[in-house]
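# Overview (structure and organization)
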Amino acid sequence: MKKPRLLFVNVAIFLITGLIALFIVPYEAFTHGFDSFEIIACIVLIYFSGMSITAGYHRLWSHKAYEANPVVRVVLSIGGAMALQNSILHWCSDHRIHHKHVDNNESDPYSAKMGFWYSHIGWMLREYQVDRYSDYSNCRDLQKDKVVMWQHRHYLAIMLSANFGVPILLGWLNNDIWGMLLLAGVFRLVVVHHVTFFINSLAHIWGRQPYTDKNSARDNDILAFFTFGEGYHNFHHIFEYDYRNGIRWWQFDPSKWLIRGLSFLGLARNLRRCPEERIEKARLVMQLQRSKIRIASLANGEEIMQKLQDEYELLVQRMTEYYAAKKRMMELKKQDLKRSYEKLELHHRYKELKLNLALQKEKWLKLNQLVCLPLMVEEN
Ligand SMILES: [Zn+2]
Ligand SMILES: [Zn+2]
């Protein structure tokens, strides 16, 4: 089959910036060195342009996971243009198709099933799926956002000003325009390009699948560190409207922290979260499914299978009771103190259900671990 024609502008941009970052930047580092102002500027701009993509293009515009003040939207639109990944409108249109048709080689713009190279960068080097290029019908909501349309219309000017103007200005202040252009301009751009491209490539190949195996997306703590928190991609593909990707407090998700920080300052609102109960139940379903596969190969499988199924059903029941009580508690908290007796009663019940759930969870995890044991012995 004949390959689609090459997109020379894209090839040239990736090739030239890549070669400069790989050869000229290290040469400059060895011959002249970079001072701390240049290094700090580079790191700050990596985070600024990278998180304009993850917290802006991705979570704000593609998924509408929260709402942001117009000033924040303008700043994110400039940072996104600085990351040189096309306009918000175009990026979000591609990304919504990616979620809708994930892993479908015909429709997913960067389908992971096409391999690492294609999903990482290859999809941008040739004219694949031409009709996708100017059809923004899946982003009618974004076409009403004045900031999105302003950035789309003036993309080239904003992109060039951000990529050349900012480093030139900083370099002029630091008396070394060339050094700043190399480090905070080109090197920063190449780093942000590839770490964000990892979300389409590596985050669909490398890692665990705690929430779903219906698509190739993975959760990976190491990747999360390099992708401004987007490494929790398995969670993201099942609960895409959640403003968080790393839901635990200790999971590295600076994009989530930025959004929460903006909300704290009154600059963002309506942060959307998927109900905890749905998240927990998705995890359970995956655990049950995995254990069932393991048990199927055991001699006394049927008996264990029944036990596992019973414990699973009991856990689901405990979970439903607990979350119903929690919801009622939240509702009562909002009301006045007249119903304090009911509150007290419910509080006791809630505590009891919480304990029951914790005990059942422990039992469930132990049983799942036991299921793994015979296989580990056999493997050894
Ligand atoms: Zn994905
Ligand atoms: Zn997404």
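Given the structure is predicted, the values throughout are model-derived calculations rather than measurements.

Cut-offs applied
- Residues numbered from 1 in each chain as written.
- Chains lettered and ligands numbered in written order.
- Predicted model: local features only at pLDDT ≥ 70, side-chain atom pairs only at ≥ 80, totals over all residues.
- Buried ≥ 20, exposed ≤ 12 C-beta atoms within 10 Å, placed from the backbone.
- Helix = DSSP H or I, 4+ residues; strand = E, 2+ residues; numbered from the N terminus.
- Contact = placed C-beta atoms within 7 Å.
- Core = buried A, V, L, I, M, F, W, Y, C linked by C-beta atoms within 7 Å.
- Axes fitted to C-alpha atoms, helices over the stretch in contact; angles between N-to-C directions.
- Left-handed = near helix turned anticlockwise from the far one by under 90°.
- Nonpolar A, V, L, I, M, F, W, Y, C, P; charged D, E, K, R; others polar.

### Topic: helix 11 (residues 254-264)
- Turning to helix 11, its buried residues are Pro254, Ser255, Lys256, Leu258, Ile259 and Leu262.
- In this structure, the buried side of helix 11 is in contact with helix 2 (36-62), strand 1 (67-68), helix 3 (70-82) and strand 2 (268-269).
- Following helix 11 by one or two positions, Gly266 has its phi on the positive side, about 80 degrees.

### Quick word on the nonpolar core
- Ranked by internal contacts, the top residues of the largest apolar core, which has 58 residues, are Trp61, Ile88, Cys92, Leu142, Ala162, Ala184 and Phe198.
- Of all the secondary structure elements, the ones that give two or more residues to this core are helix 2, helix 3, helix 4 (88-100), helix 6 (146-153), helix 7 (155-173), helix 8 (177-200), helix 9 (221-226) and helix 11.
- It is helix 8 that provides the largest number of residues to this core, a total of 12 residues.
- Setting aside anything within four residues of it in sequence, one finds Ile88 in contact with Tyr57, Trp61, Ser77, Gly80, Leu142, Val148, Gln151 and His152.

### Regarding unusual backbone geometry
- The backbone phi angle of Asp103 is positive, close to 70 degrees, even though this residue is not glycine.
- Structurally, Asp103 is set in the loop between helix 4 and helix 5 (116-120).
- Look at Asp103 and you get partly exposed, because 18 C-beta atoms sit within 10 Å.
- Its identity as a non-glycine residue notwithstanding, Phe228 has a phi of 55 degrees, on the positive side.
- Tracing the backbone shows Phe228 in the loop between helix 9 and helix 10 (233-238).
- We classify Phe228 as buried; it has 28 C-beta atoms within 10 Å.

### Brief notes about the environment of Asn245
- Structurally, the position occupied by Asn245 is in the loop between helix 10 and helix 11.
- What Asn245 contacts, discounting residues up to four positions off in sequence, is Gly229, Glu230, Tyr232, Phe235, His236, Asp253 and Lys256.

### A closer look at the packing of helix 2 against helix 3
- Contact pair helix 2 / helix 3: the axes reach a minimum separation of 7 Å and the direction vectors enclose 115 degrees. Between helix 2 and helix 3 lies a crossing of left-handed hand. The segment helix 2 lies against helix 3, with Phe48, Ser49, Ser52, Ile53, Ala55, Gly56, Tyr57 and Leu60 engaging Leu76, Gly79, Gly80 and Met82.
- Tallied by class, residues from the contact of helix 2 with helix 3 come to 7 nonpolar, 5 polar and no charged.

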